[in-house]
Amino acid sequence: MSIYTRSGDRGRTRLVGGVRDKDDIRVEAYGTVDEANAFVGEAISRLDSVRDGDLAGHLLEIQQELFDCGADLAALPGKRPYKVHAEMINRLEPLIDSYLAEARPVQRFILPGGHPAAAALHVCRVLVRRAERRVVTLSQREEINPEVLRYLNRLSDFFFAAARAINARTGTGDIEYVRSPIVFR
Amino acid sequence: MSIYTRSGDRGRTRLVGGVRDKDDIRVEAYGTVDEANAFVGEAISRLDSVRDGDLAGHLLEIQQELFDCGADLAALPGKRPYKVHAEMINRLEPLIDSYLAEARPVQRFILPGGHPAAAALHVCRVLVRRAERRVVTLSQREEINPEVLRYLNRLSDFFFAAARAINARTGTGDIEYVRSPIVFR
Amino acid sequence: MSIYTRSGDRGRTRLVGGVRDKDDIRVEAYGTVDEANAFVGEAISRLDSVRDGDLAGHLLEIQQELFDCGADLAALPGKRPYKVHAEMINRLEPLIDSYLAEARPVQRFILPGGHPAAAALHVCRVLVRRAERRVVTLSQREEINPEVLRYLNRLSDFFFAAARAINARTGTGDIEYVRSPIVFR
Ligand code: B12
Ligand code: B12
Ligand code: B12
Ligand SMILES: C[C@H]1O[C@@H](n2cnc3c(N)ncnc32)[C@H](O)[C@@H]1O
Ligand SMILES: C[C@H]1O[C@@H](n2cnc3c(N)ncnc32)[C@H](O)[C@@H]1O
Ligand SMILES: C[C@H]1O[C@@H](n2cnc3c(N)ncnc32)[C@H](O)[C@@H]1O
Ligand SMILES: [Mg+2]
Ligand SMILES: [Mg+2]
Ligand SMILES: [Mg+2]
């Protein structure tokens, strides 16, 4: 069978356990997770395999976990055991702390960018935040695995930390938003 | 006349044959096609002109065709003959088959990424899928050229195939989603 | 205090002067401005520091100003004096003219892409246009600083001009959409 089945040519599609319009909020939610995942692929392709081998490993693991998120969102409630568990969030938290510890502390917002890999990680950050918003909308209308929301919330903080670490490692540094109030305490 | 006409400063804008709010679903639809097109520009700029000359040619043709999609969506029904025709879809299908044939068959989902050009092609894939969702929403409310939907549906499969071909050509390969069920048959 | 406060784990979040669902249109609006800003970071990281030093400077200034936009959108009306003022738009306009003057005039739509930095600038263009659409939606429901809308409208024209300038400077040139009507007058 070819990958193009033509079955979605008129705007309807399958999920696990049902059929929906392609613009259904559930499809929008896992479609946006897929979008975020594609940008993680971008970020990985910018890393220096020696200097950033640790981060490349973590990002590949995160790509697997974003598929777990997508899998939980694509299945109608009860159709399949959930794949996202609290341990995944517990594993992210110390990573955030340790990447952040590589960078000089800041009190003000910083401009997203710097080293090309850091710029790509900030893009991942904002994409994960958009995915989180779409999952929030879905969660108001249908039952979802609540761990997916917690995971995505932590994940955008992970990308913030990782971007800062890359700018620290490469001596690029971060530029502050000059009119920022004190926001990080 | 300058390109900045200031006429849209308060949130209204022109399409072909009418005036709408900028957040009208029709504007959102062709705006998202424009967004997808910009990422195709990105992907082209990553290709190796020798090794991937064939794909560069196809992507430039696709950029022209995404403008055809945008043109059909920007014109109110009846204002102008449609530009997207069945032949455009018929031309994509054998290309999908031949790019996919370059890669080792897989049965499981693969992580979007790999070679920088493949990563960019996966980004195109997800952007085209978002454009498709927006056009689906539009099509539920207003008359559109149905060939645009078929074209976009096939186009995201084209980008999947092209990404796999680049990872095969460059010896990068694709990494499977480890907890994936068998999905490609 | 760590950056992950866990307080947003269930889909609610703080803005300046209130609490909202994360998928509230106000959060969506400044979240999309943040997304656009991340891609400006990408574009900057592609510039040649010698040839494009002027543009790098302008883009860093624009990143600061996108934070000003975000700040105005994140604060409920009356909570804080606005940061986006007419002078910011007045400063953009002559820059648009002078970047456009570097490129050969065109009458037809051009394909987004070309030099990698120009491709990235076209991506900024479409992201700013999406941000503008989200701010338009917000402005229909709640009070906002109207200068933010004017700024974003002009900013996407700035990115169009800057992309054309880079393709001119690098001898890349722009490819026209072959079936385009005469659109630039
Ligand atoms: C708007 C906003 C954003 C916007 C910024 C938009 C913009 N352009 O300005 C966006 C969406 C970009 C954003 C992004 C992020 N944000 Co934010 N953001 C906020 C938010 C809602 C408002 C910030 C603000 O302007 N505050 C105004 C200040 C001045 O208000 P205030 O703290 O209440 O201060 C008042 C008083 O306390 C007093 N005061 C203030 N400072 C001091 C100091 C002293 C000594 C004294 C006496 C008094 C005093 O004066 C103020 C008068 O009103 C805050 C939450 C909040 N309500 O503050 C989060 C917040 C700052 N963000 C936070 C985080 C984590 C982030 C991100 C890392 C999230 C992510 N993963 O992407 C990124 C970082 C982005 C970057 N590039 O740096 C966290 C920081 C947590 C922490 N522990 O440090 C906060 C606190 C939210 C939270 N979790 O509770 N954010
Ligand atoms: C969710 C989903 C996605 C999500 C994945 C989310 C995630 N993280 O898991 C996203 C949006 C990312 C996605 C993307 C794509 N997808 Co998809 N996706 C699906 C979907 C809806 C569910 C997949 C799933 O988990 N199935 C669960 C399986 C186990 O269910 P099942 O097949 O019904 O299997 C049951 C039984 O049949 C039996 N069974 C299964 N296998 C076997 C084998 C044997 C021997 C036996 C006896 C029994 C058996 O056991 C199962 C019990 O429930 C399927 C359609 C569908 N409903 O299956 C498409 C589907 C797999 N996708 C498809 C395609 C084409 C794609 C894309 C290429 C689209 C694109 N252009 O981007 C990409 C590829 C992405 C990548 N990186 O690899 C096609 C594949 C067509 C084909 N001919 O191979 C499908 C079938 C949709 C379709 N067109 O009909 N997808
Ligand atoms: C749809 C559209 C888009 C779509 C294109 C979709 C697509 N794939 O086709 C998108 C969203 C991508 C787009 C993007 C942009 N656009 Co635009 N777009 C339009 C729009 C609404 C329609 C274009 C069109 O097809 N017109 C059809 C023509 C043929 O209609 P017409 O001009 O009314 O022409 C009729 C008659 O006047 C007569 N006629 C036409 N030409 C001539 C010549 C002569 C000699 C004679 C006698 C008669 C004649 O024949 C026509 C019969 O119907 C126009 C506004 C508009 N309504 O025209 C803006 C417009 C062309 N866009 C404009 C701009 C600025 C842009 C962007 C730069 C914005 C940005 N910052 O991103 C980009 C550039 C993109 C690029 N890559 O080049 C401006 C140009 C302003 C100017 N002074 O030149 C316009 C005019 C909007 C405006 N501000 O008023 N756009
Ligand atoms: C740092 C600030 O970002 C906002 N915020 C929290 N979650 C999201 C999200 N998913 N997308 C956009 N903005 C968000 C809140 O206002 C928070 O306080
Ligand atoms: C491969 C799977 O992706 C989903 N699907 C189909 N079309 C789209 C789209 N435009 N955007 C996001 N997801 C989509 C369906 O669930 C399909 O089965
Ligand atoms: C150039 C054309 O682009 C459309 N247009 C104007 N503003 C936006 C926006 N923010 N997003 C998408 N499309 C827009 C209008 O149709 C305009 O005429
Ligand atoms: Mg958060
Ligand atoms: Mg499809
Ligand atoms: Mg405009």
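Participant: Which parts of the structure should I look at to understand the site of ligand 5?
Facilitator: As a structural note, the neighbourhood of ligand 5 is formed by A:Thr13, A:Arg14, A:Lys22, A:Val27, A:Tyr30, B:Arg129, B:Glu132 and B:Arg133. Around ligand 5, the nearby residues trace back to chains A and B. Between ligand 5 and A:Arg14 there is a distance of 2.5 Å, counted from an oxygen atom to a backbone nitrogen or oxygen. Here A:Tyr30 contributes a side-chain N or O atom positioned 2.6 Å from an oxygen atom of ligand 5. Elements with a contribution of two residues or more to the shell around ligand 5: strand E1 (12-15) and helix H1 (25-44) of chain A together with helix H4 (116-141) of chain B. With 3 residues, H4(B) is the single largest residue contributor to the shell around ligand 5. Classifying every residue of the shell around ligand 5 by side-chain character gives 2 nonpolar, 1 polar and 5 charged.

Participant: Sorry, what's going on with the interface of chain B and chain A here?
Facilitator: At the interface, 42 residues of chain B touch 35 residues of chain A. Overall, the association of chain B and chain A removes approximately 3,100 Å² of surface from exposure, summing both partners, and the carbon and sulfur fraction of that is 51%. Here chain B and chain A share 10 salt bridges between them. Across the contact surface, chain B and chain A share 22 residue pairs in polar contact (both at pLDDT 80 or more). Counting residues per element, the ones that place at least two in the side of chain B that touches chain A are helix H3 (86-101), H4 and helix H5 (146-169) of chain B. In terms of residue count, the dominant contributor to the side of chain B that touches chain A is H4(B) (16 residues).

Participant: What is the right way to look at the packing of aromatic side chains in this model?
Facilitator: Any pair of aromatic rings gets described here by the distance separating the centres and the angle formed by the planes. Residues and elements named next belong to chain C. A complete count under the given rule lists 21 aromatic pairs over all chains for this structure. Consider the rings of Phe109 and Phe184, whose centres lie 5.8 Å apart with planes at 85°: the pair is edge-to-face. Placement of Phe109 in the loop between helix H3 (86-101) and helix H4 (116-141) and of Phe184 in the segment after helix H5 (146-169) is noted, with a sequence separation of 75 residues between them. On the basis of relative accessible area, Phe109 is assigned to the partly exposed category, the value being 33%. Of the residues examined, Phe184 reaches a relative accessible area of 22% and is grouped as partly exposed. Arranged with centres 5.7 Å apart and planes meeting at 40°, the rings of Phe160 and Phe184 form a pair that is tilted. Taken together, the residues Phe160 in helix H5 and Phe184 in the segment after H5 connect sequence positions 24 residues apart. Take Phe160: its relative accessible area is 11%, and that puts it in the buried class.

Participant: What exactly am I supposed to notice about empty space enclosed by the protein here?
Facilitator: Gaps between atoms show up when a probe of the same size as a water molecule is rolled over them. Evaluated as defined, the whole model comprises 1 cavity of 30 Å³ or more. Approximately 130 Å³ is the volume found for the largest cavity. Mapped onto the lining of the largest cavity, the elements with two or more residues apiece are H1 and helix H4 (116-141) of chain A, helix H1 (25-44) and H4 of chain B together with helix H1 (25-44) and H4 of chain C. Within the lining of the largest cavity, the residues separate by chemical class into 9 nonpolar, no polar and 6 charged.

What counts and how
Residues numbered from 1 in each chain as written. Chains lettered and ligands numbered in written order. Predicted model: local features only at pLDDT ≥ 70, side-chain atom pairs only at ≥ 80, totals over all residues. Heavy atoms only, no water. Near = heavy atom within 4 Å. Polar contact = N/O pair within 3.5 Å; in protein donor to acceptor, adjacent residues only side chain to side chain. Helix = DSSP H or I, 4+ residues; strand = E, 2+ residues; numbered from the N terminus. Nonpolar A, V, L, I, M, F, W, Y, C, P; charged D, E, K, R; others polar. Contact = heavy atoms within 4.5 Å. Buried area = accessible area lost by both parts, 1.4 Å probe. Salt bridge = Lys/Arg side-chain N within 4 Å of Asp/Glu carboxyl O. Phe/Tyr/Trp six-rings, centres within 6.5 Å; stacked < 30°, edge-to-face > 60°. Buried < 20%, exposed > 50% of the residue type's maximum accessible area, 1.4 Å probe, protein only. 1 Å grid on protein atoms, 1.4 Å probe; cavity = no way out; pocket = protein on both sides within 12 Å on 5 of 7 lines; lining within 4 Å. Points joined across faces, edges and corners; volume = space filled by probe spheres on them.

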